[in-house]
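# Topology and contacts: notes
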Number of protein chains: 2
Amino acid sequence: MASLDQVIQAGGRRFRTATEFVEATLKQAILSGALLPGTPLRQEELATRFEMSRMPIREALRQLEAQGLVDFEPHRGAIVVEITLADSDDNFAIRSALEPQALRLSLPHLGPDDFALAEDLIAEIDSENDPARMGELNRRFHMTLYAGAGLPRLLALTEQHLVAADRYLRFHLATDGDMGQAEHRALVAACRARDENEAVAVLNRHLARARAGLSAFFAARAAS
Amino acid sequence: MASLDQVIQAGGRRFRTATEFVEATLKQAILSGALLPGTPLRQEELATRFEMSRMPIREALRQLEAQGLVDFEPHRGAIVVEITLADSDDNFAIRSALEPQALRLSLPHLGPDDFALAEDLIAEIDSENDPARMGELNRRFHMTLYAGAGLPRLLALTEQHLVAADRYLRFHLATDGDMGQAEHRALVAACRARDENEAVAVLNRHLARARAGLSAFFAARAAS
DNA sequence: AATTGTTAGATTGGATCCAATCGACAGGCA
DNA sequence: TGCCTGTCGATTGGATCCAATCTAACAATT
């Protein structure tokens, strides 16, 4: 896994503990697809690769387990969680519950600056080709519209599941290429007009369309 | 904290690892109120109390942090998360997004046995006085109606936030005494009639009422 | 008197070591 | 042949030890 080494080197952030560093690095590696689903995460191997002992690795793996990114079986170790249609549906069910709620609570507190920022992000997505970057921009776009909700746990939970969706997005982009930019624009327009119901309707369509696209992808993969 | 020792002794479940045991025990202690908000969780103290080394304690605390039950600050340790009105609102915003979604997805797959079980649980709540037991029964009642959704992550997330709400429920019961049994019955009735919209409406009222009750409790506490 | 530097104790983060468990494979037995 | 069993290597779970960091109290300086 040469690509993991690159991820370890990258990332300008500073970390207060080794555990934080390992957690953030592994998280990015899993979400970016550098670590494929089903990959076993051997503690000893990661320890030598990160140049530290097994303990920070173990604590990081525990936290990733709680975030649903790795499966942990006692005495058998951790593996990157598989990607399945059932999992994708599960993720969409959660997002289509949380995101409309976040949007409704946020909309009254959003101002022109927020909408302008959202539109800048849409433009950035247009001029981007790297799937990982596109995923991050998409996430920031959505979170910009939800930020007004001001409820930290709701927002953290929403972002966590948006992040998890990045793993699927890669496959979606492989078949489709577009990630619903028209809907992104319609969403901002509805928000500007303070039309809450329309905004939520657009968001739901956006999610349903992405879900359908992934469903088709999994069907095609199963058939091959 | 004499009550913690009782919790440690209790619980008939078998655990495969020490970490699992510590996590489950501390979780129950926090949710039951045996460990009050703000209580520092010293690793060394817990280690001697559980009669094991600090390592399983640390891993358990990491997982509790990821579940939002403790705050972990580097080099400063863990404390039980505070209970605030903002936190309660946050929790309700999440539940009122997830639970209607779970109910909608579940309802088509529920049968008479499920409704009968739900009604048994309502009856059990009627004849129960212990707040901790009532919280558990309430949780099982709600989860019974959501179980048909069949999406493991959505259900786990829903249950996690129902569990978290137990911490608030204790205060609610202290002021109110009732936990919306009338709404529980109306909810099952609507489910039996396969009236999805009515069921969701009842559920939303149920959540809104509980939220209002807690809001009043916090207002009273702030005034005193 | 207020602020800053310093030092000691407490507490956590991380490394190393040992014990327990799992999986695979070889050999015995019906 | 097919199944059970026991041994061995790999890997994880847990214990113990040391290093790094924080808190608080006190001393020194302005």
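Residues numbered from 1 in each chain as written. Chains lettered and ligands numbered in written order. Predicted model: local features only at pLDDT ≥ 70, side-chain atom pairs only at ≥ 80, totals over all residues. Heavy atoms only, no water.

Each helix and strand counted, chain A has ten helices and three strands in total. Along the chain direction, N to C, the helices and strands of chain A fall in the order α-α-β-α-α-β-β-α-α-α-α-α-α. Relative to the compact-globule value of 17 Å for 224 residues, chain A shows a C-alpha radius of gyration of 18 Å, a close match. The principal-axis extent of the C-alpha atoms belonging to chain A is close to 55 × 45 × 30 Å. For chain A, the residues scored as buried account for 51% of the 224 residues in total. The long-range share in chain A, meaning contacts at least 24 apart out of those at least 6 apart in sequence, stands at 72%. When the accessible surface of chain A is split by element, carbon and sulfur atoms take 51% of a total near 10300 Å². (Helix = DSSP H or I, 4+ residues; strand = E, 2+ residues; numbered from the N terminus. Rg over C-alpha atoms; globule rule 2.2 N^0.38 Å. Buried < 20%, exposed > 50% of the residue type's maximum accessible area, 1.4 Å probe, protein only. Contact = heavy atoms within 4.5 Å. Areas by Shrake-Rupley, 256 points an atom, 1.4 Å probe, with all protein chains shown as cover.)

Here we come to the pattern of salt bridges. One pass over the structure, following the stated rule, counts 38 salt bridges over all chains. A salt bridge links Arg16(A) to Glu73(B); the shortest N-O distance between them is 3.6 Å. Here Glu73(B) lies in strand β2 (residues 70-73) and Arg16(A) lies in the loop between α1 (2-9) and α2 (18-32), a pairing that spans two chains. Salt-bridge contacts for Glu128(B) lead to Arg133(B); the nearest nitrogen and oxygen are separated by 3.9 Å. A relative accessible area of 31% means that Arg133(B) is categorised as partly exposed. One salt-bridge network, held together by shared partners, links Glu124(A), Glu128(A), Arg133(A), Glu136(A) and Arg140(A). (Salt bridge = Lys/Arg side-chain N within 4 Å of Asp/Glu carboxyl O.)

Let us now look at the relation of the copies chain B and chain A. In the superposition of chain B on chain A (RMSD 0.1 Å, axial shift 0.1 Å), the rotation amounts to 180°. Both copies are brought into coincidence by an operation consistent with a two-fold rotation axis. Measuring from the rotation axis to each C-alpha of chain B, the shortest distance belongs to Ala97(B), at 2.6 Å. Of the residues that chain B buries at the interface, 100% are likewise interface residues in chain A, meaning the two copies contact each other through the same surface. (Least-squares fit on C-alpha atoms with pLDDT ≥ 70 in both.)

Take the protein's contact with DNA strand D next. In the vicinity of DNA strand D there are 20 residues, among which Arg54(A), Ala18(B), Ser53(B), Met55(B) and Arg76(B) approach most closely. Expressed as a percentage, the sugar and phosphate content of the atoms of DNA strand D within 4 Å of the protein is 66%. Ala18(B) is positioned such that a nitrogen or oxygen atom in its backbone is 2.5 Å from a phosphate oxygen of DNA strand D. Within the side chain of Ser53(B), one N or O atom sits 2.8 Å away from a phosphate oxygen of DNA strand D. Among the secondary structure elements, those contributing two or more residues to the surface near DNA strand D are α4 (54-66) of chain A together with α2 (18-32) and α4 (54-66) of chain B. For the surface near DNA strand D, the leading source of residues is α4(A), giving three residues. Its residues assigned to classes, the surface near DNA strand D comprises eight nonpolar, seven polar and five charged. (Near = heavy atom within 4 Å. Polar contact = N/O pair within 3.5 Å; in protein donor to acceptor, adjacent residues only side chain to side chain. Nonpolar A, V, L, I, M, F, W, Y, C, P; charged D, E, K, R; others polar.)

On to the sheet that holds strand β2 (residues 70-73) of chain A. Residue and element names in this part refer to chain A. Overall, antiparallel pairing links the three strands, which are arranged β1-β3-β2 in an open sheet. Looking at which strands have only one partner, the edges of the open sheet turn out to be β1 (40-41) and β2. Pairing geometry for β2 and strand β3 (residues 77-80), over four bridges, is antiparallel. Considered in β3, the bridge of Glu-73 is made with Gly-77. (Pairing = 2+ DSSP bridges.)

Counting 88 residues, the largest nonpolar core has Leu145(A) and Leu145(B) as the members making the most contacts within it. Setting aside chain neighbours within four positions, we find Leu145(A) in contact with Leu103(A), Ser106(A), Leu110(A), Phe115(A), Ala118(A), Leu187(A) and Cys191(A). Counting 21 residues, the second-largest nonpolar core is a separate cluster that includes Phe21(B), Leu26(B), Leu46(B) and Ala78(B). (Core = buried A, V, L, I, M, F, W, Y, C linked by side-chain atoms within 4.5 Å.)

This part covers the environment of Gln67(B). Residues and elements named next belong to chain B. With respect to the helices, strands and loops of the structure, Gln-67 is situated in the loop between α4 and β2. You can call Gln-67 buried: its relative accessible area is 19%. With 101 residues separating them in the primary sequence, Gln-67 and Tyr-168 have C-alpha atoms 16 Å apart. Those residues within four positions of Gln-67 in sequence are excluded, and the remaining contacts are Glu-23, Lys-27 and Gln-160.

Residue and element names in this part refer to chain A. Assigned domains of chain A: these are domain 1 (2-80) and domain 2 (85-223). A straight line from the C-alpha centre of domain 1 to that of domain 2 covers 26 Å. With seven residues of domain 1 in contact, the opposing surface of domain 2 contributes six residues. Together domain 1 and domain 2 conceal approximately 590 Å² of surface at their shared face, both sides included; 61% is due to carbon and sulfur atoms. For the domain 1 face of the interface with domain 2, the top three residues by lost area are Leu-31, Ser-32 and Gln-67, together amounting to 59%. Inspection of the domain 1/domain 2 interface yields zero salt bridges. On the surface where domain 1 and domain 2 come into contact, there are zero residue pairs in polar contact (both at pLDDT 80 or more). A total of three residues in the side of domain 1 that touches domain 2 trace back to one element, the largest contributor, which is α2. (Domains from an automatic or database assignment. Buried area = accessible area lost by both parts, 1.4 Å probe.)

So, about helix α10 (residues 196-223) of chain A. Under the 1.5 Å per step criterion, the end-to-end length of α10(A) is 41 Å for 28 residues, consistent within 8% with the ideal 40 Å. Listed in full, the buried residues belonging to α10(A) are Ala199(A), Val200(A), Val202(A), Leu203(A), His206(A), Leu207(A), Ala210(A), Gly213(A), Leu214(A), Phe217(A) and Phe218(A). (Expected span 1.5 Å × (residues − 1).)

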